[in-house]
Amino acid sequence: MFQPPKYESFTLNAHPFLIFAPSMTTPSKKVRVRFAPSPTGGLHLGGVRTVLFNYLFARRHGGDFVLRIEDTDRTRYVEGAEQYIIDCLTWCGLNPDEGPHVGGPFAPYRQSERKENYRAYAEQLVNSGHAYYAFDTAEELDQLRRASPNFQYSQATRYGLRNSLTLTGEEVQSLLQAGTPYVIRIRMPEDETVSFEDMIRGFVSFETGLSDDKVLLKADGMPTYHLAVVVDDYLMKITHAFRGEEWLPSAPVHLLLWEYLGWKADMPQWAHLPLILKPDGNGKLSKRDGDRLGFPVYAMNWTDPKTGDLTRGFRELGFLPEAFVNMLALLGWNDGTGQEIFTLEELVQKFSIARISKSGAKFDFEKAKWFNHEWMKRLDVGRLTSDVLKVLDENGVQGVDDAYVTKVIGLVRERLTFVSDFWGQASFFFGRPASYDVNAVKPKWTAQKKAFFELFSHSLASLESWHAVNIELVFKSLAETEAIKAGELMLPFRIMLVGGKFGPHVFEIAELLGRHETTERIRIALAEF
RNA sequence: GGCCCGUUCGUCUAGGGGUUAGGACAUCAGAUUUUCAUUCUGGCAACAGGGGUUCGAUUCCCCUACGGGCUACCA
């Protein structure tokens, strides 16, 4: 017998796309978004991208960006992870308007501190028949799963298990009074269709009968993500919810909860972001892939407090936050013009959900490096100074003149991919070469060349204006007088000042080094050749 | 297994019923830079397959394949 399927739509706005139509770029309610990480370890690059999109959307629409710590799993809680997350956001310049560190009108922002909120809502769902008490222990369920691998706590099995659907009211009451551990589970409808309009994916629909009865409130009294995310998004008046695509399958549970709690009209618009994939093979990018392939996955260095293991981050590798954020934005989004370099401000101006792609993107470290190099070349030299000073300090160089450092940066920046490359490219500006690439000089070295450099050094001593062009002039005219090709002398001169075959134009180097230092280096090197 | 999502150069992507299918990274070749890097020029390189719809599909629809995600008292 034909039964028309029950259909229930959760499309909240009669015209869901209207909100984002050009004529109506400002949603009617004040935009409020949240990043809701679990403090269990380092912050993954995908997490930062989620933050970014939240941030951009909030700023674009003049809304609020809140940080909410989802620490409902006590067993996975890691000391220091919350502060680390906040530090990462600070480094990236993506600062929340509200959060545990800055407070706000909806405090507290840690779910562990909101524990008492959740039980009442779970009970409310039990009372309305949309949820039930379940007394099965974790061990019992483990056993069931071992016995049949596809076991689900669902309509197919719930009537054979120990819960308030199968027990009498008196039995349930006495179990509860006796303090028997229990969880509260959602009672998924047997045959309904839940659908909604995802801002990125468009129409998505699910059959409720296929999902299991997710736990809402755990035996320790803490909510699971499913309950907590709905309750807090409601309480914190979240209007748009961004999260990774891995959450799509549990969306129907959340939709149902919004409905059952009576908040359907306030449900946020959902946006399920495409995943960031491993560069080789397939699958979600994980910290392990970074270790294996030799690039960072976390935003900053992370030390596991239990094992002491250090996982390197983008920041410490020498990434500029500007480049890191820029690179992340382009992983799954573009503005349609081909422009690839954006400042945060530009991103805020140009960001639109409509231009986020649906498919996952493989992370390409080479491209990430390219972004950093581009920023290395474009950034204001002064902006780079403090970072470079840090690199110098790490290499035992202190108390150098800022203006000198700034000039050096200007000279070498275009050949640096990372700030951390600075030392390798510019150490000779802060100390004499420790050794010389003599093989580059010796085979063609002659007494005549030696004489040239002695004369050259002498000329430099009386050079009136110490500028690269003048130094070069003296160098070349003397070479001519001595009948030696200038080209034959350039490399030896470079080796004298730098120690190796690298660096900016040699006369620029001499200018920066100064008269005394230049002649000294010539004198010292002459003894080596 | 079931459910959901996805599929344009090696990678990130633009595009969209009629285009020489565009750009970027990587790569290759050349030029410049009397070092190296930068920079510049050029080359290689893609619409997963099959059915429809259509005068015409890479573009719209369906199926298949492939890939991924989820399937915990984790988020």
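Residues numbered from 1 in each chain as written. Chains lettered and ligands numbered in written order. Predicted model: local features only at pLDDT ≥ 70, side-chain atom pairs only at ≥ 80, totals over all residues. Heavy atoms only, no water.

Student: What should I look at first to understand the overall build of chain A in this one?
Tutor: For chain A, the count of helices and strands is 20 helices and 14 strands. Scaling as 2.2 N^0.38, a compact globule of 529 residues should have a C-alpha radius of gyration of about 24 Å, whereas chain A reaches 32 Å, well beyond that. Counting only C-alpha atoms and orienting by the principal axes, one finds that chain A spans roughly 110 × 55 × 45 Å. When each of the 529 residues of chain A is scored for burial, the buried share is 51%. Only carbon and sulfur atoms are counted for the fraction: they give 51% of the accessible area of chain A, which is about 24500 Å². Computing the positive centroid from 60 side-chain charges and the negative centroid from 68, chain A places the two 3 Å apart. (Helix = DSSP H or I, 4+ residues; strand = E, 2+ residues; numbered from the N terminus. Rg over C-alpha atoms; globule rule 2.2 N^0.38 Å. Buried < 20%, exposed > 50% of the residue type's maximum accessible area, 1.4 Å probe, protein only. Areas by Shrake-Rupley, 256 points an atom, 1.4 Å probe, with all protein chains shown as cover. Lys, Arg positive; Asp, Glu negative; His and termini not counted. Charge placed at Lys NZ, Arg CZ, Asp CG, Glu CD.)

Student: Whenever I open this one, the environment of Ile86 confuses me. Can you help?
Tutor: With respect to the helices, strands and loops of the structure, Ile86 is situated in helix H2 (residues 81-92). We classify Ile86 as buried; its relative accessible area is 6%. Taking the C-alpha atoms as reference, Ile86 lies 9.3 Å from Pro100; in sequence the two are 14 residues apart. Once residues within four sequence positions are removed from consideration, Ile86 is found in contact with Leu67 and His101. (Contact = heavy atoms within 4.5 Å.)

Student: I would appreciate a short explanation of the pattern of salt bridges in the present structure.
Tutor: In a structure, side chains of opposite charge can pair up when their charged atoms sit close to one another. Scanning the model with the defined rule gives 33 salt bridges in all. Glu82 is paired through a salt bridge with Arg110; the nearest N and O atoms lie 2.7 Å apart. Residue Glu82 is located in helix H2, and its partner Arg110 is located in the loop between H2 and helix H3 (115-127); the two are separated by 28 residues in the primary sequence. Residue classification places Arg110 among the partly exposed positions, given a relative accessible area of 23%. The partner of Glu113 in a salt bridge is Arg110, and the shortest N-O contact between them spans 2.7 Å. With a relative accessible area of 46%, Glu113 lands in the partly exposed category. Salt bridges sharing partners connect three or more residues here, namely Lys30, Arg32, Asp64 and Glu98. (Salt bridge = Lys/Arg side-chain N within 4 Å of Asp/Glu carboxyl O.)

Student: Would you mind going over the state of the cysteines with me for this structure?
Tutor: A disulfide bridge is the covalent bond that connects two cysteines by way of their sulfur atoms. Under the counting rule described, the total for this entry stands at zero disulfides. Left unpaired, Cys88 is separated from the closest cysteine sulfur, that of Cys92, by 6.7 Å. For Cys92, a relative accessible area of 6% gives the class buried. (Disulfide = S-S within 2.5 Å.)

Student: Can you help me understand the packing of aromatic side chains in this one?
Tutor: In this description, an aromatic ring pair is defined by two values, namely the gap between the centres and the angle between the planes. Summed over all chains, the structure comprises 42 aromatic pairs. An angle of 90 degrees between the planes, with centres 6.2 Å apart, marks the rings of Tyr55 and Phe65 as edge-to-face. Taken as a pair, Tyr55 in helix H1 (residues 45-60) and Phe65 in strand E3 (residues 64-67) lie far apart in primary sequence, 10 residues in all. Summarising the aromatic geometry, the rings of Phe295 and Phe365 are spaced 5.5 Å apart at their centres and angled 25 degrees between planes, so their arrangement reads as stacked. Separated by 70 residues along the polypeptide, Phe295 in the loop between helix H8 (287-293) and strand E12 (302-303) and Phe365 in helix H12 (residues 365-378) bring together distant segments of the chain. (Phe/Tyr/Trp six-rings, centres within 6.5 Å; stacked < 30°, edge-to-face > 60°.)

Student: Hey, could you run me through the protein's contact with RNA strand B in this one?
Tutor: The immediate surroundings of RNA strand B are formed by 62 residues, with Arg201, Lys218, Glu340, Arg415 and Ala486 found nearest. When the atoms of RNA strand B within 4 Å of the protein are sorted by group, sugar and phosphate make up 69%. In the environment of RNA strand B, a sugar or linking oxygen lies 2.9 Å from a nitrogen or oxygen atom belonging to the side chain of Gln152. Take Gly332: an N or O atom from its main chain is 3.3 Å from a phosphate oxygen of RNA strand B. Broken down by secondary-structure element, the contributors of at least two residues to the surface near RNA strand B are helix H4 (138-147), strand E5 (183-186), strand E7 (202-207), strand E14 (361-362), H12 and helix H18 (486-498). Here the surface near RNA strand B takes five residues from H12, the largest share from any one element. (Near = heavy atom within 4 Å. Polar contact = N/O pair within 3.5 Å; in protein donor to acceptor, adjacent residues only side chain to side chain.)

Student: Would you take a moment to explain the environment of Ile186 for this structure?
Tutor: Within the secondary structure layout, Ile186 lies in strand E5. Among all residues touching Ile186, those that are not within four sequence positions of it are His130, Ala131, Tyr132, Asp213, Lys214, Leu216, Val253, Leu256, Leu257 and Tyr260.

Student: So what exactly am I meant to see when it comes to the nonpolar core here?
Tutor: Within soluble globular proteins, side chains that are nonpolar generally end up buried alongside one another. Ranked by size, the top nonpolar core spans 118 residues in total, and within it Phe363, Phe422, Phe429, Phe453, Phe456 and Phe493 carry the most contacts. For this core, the leading source of residues is H1, giving nine residues. In this structure, Phe493 is in contact with Phe453, Phe456, Phe475, Val506, Phe507, Ala510, Thr518 and Ile522, ignoring residues within four places of it in sequence. Counting residues in hydrophobic clusters, the runner-up holds 40 residues, among them Tyr121, Ala122, Val172 and Val194. (Core = buried A, V, L, I, M, F, W, Y, C linked by side-chain atoms within 4.5 Å.)

Student: So what exactly am I meant to see when it comes to the sheet that holds strand E8 (residues 215-217) here?
Tutor: In sheet architecture, strand pairing relies on hydrogen bonds along the backbone and comes in two forms, parallel and antiparallel. As summarised here, the arrangement of the three strands in space is E4-E5-E8, forming an open sheet in which the pairing is antiparallel. The open sheet has two edge strands with one neighbour each: strand E4 (131-134) and E8. In this sheet, neighbouring strand axes are inclined to one another by 45 degrees on average, regardless of whether the strands run parallel or antiparallel. The pairing of E5 with E8 spans two bridges and is classified as antiparallel. Paired with Ile184 across the strands is Leu217, a residue of E8. Those strands touched by H3 are E4, E5 and E8, and its axis lies near 105 degrees from that of E4. (Pairing = 2+ DSSP bridges. Axes fitted to C-alpha atoms, helices over the stretch in contact; angles between N-to-C directions.)

Student: Please clarify how helix H14 (residues 402-412) should be interpreted in this entry.
Tutor: Owing to its 3.6 residues per turn, the α-helix brings residues three or four apart onto one side. Among all positions in H14, only Tyr404, Val405, Val408, Ile409 and Val412 are buried. Seen along its axis, H14 keeps its buried residues to an arc of 140 degrees; they face one direction. Where H14 is buried, its residues contact helix H13 (381-394), helix H15 (422-426) and helix H19 (506-513). (Arc of directions from axis to C-beta.)

Student: Sorry if this is basic, but what is going on with the pairing of strand E2 (residues 32-35) here?
Tutor: In E2, alternate side chains face the same way, and those of Arg32 and Arg34 on one face and Val33 and Phe35 on the other are all buried. Taken together, the four bridges between E2 and E3 define a ladder with parallel strand orientation. For Phe35, the partnering residue across the bridge sits in E3 and is Leu67. The parallel pair E2 and E3, bridged by H1, forms a crossover whose chirality is right-handed. (Right-handed = clockwise from strand over helix to strand, strands pointing away.)

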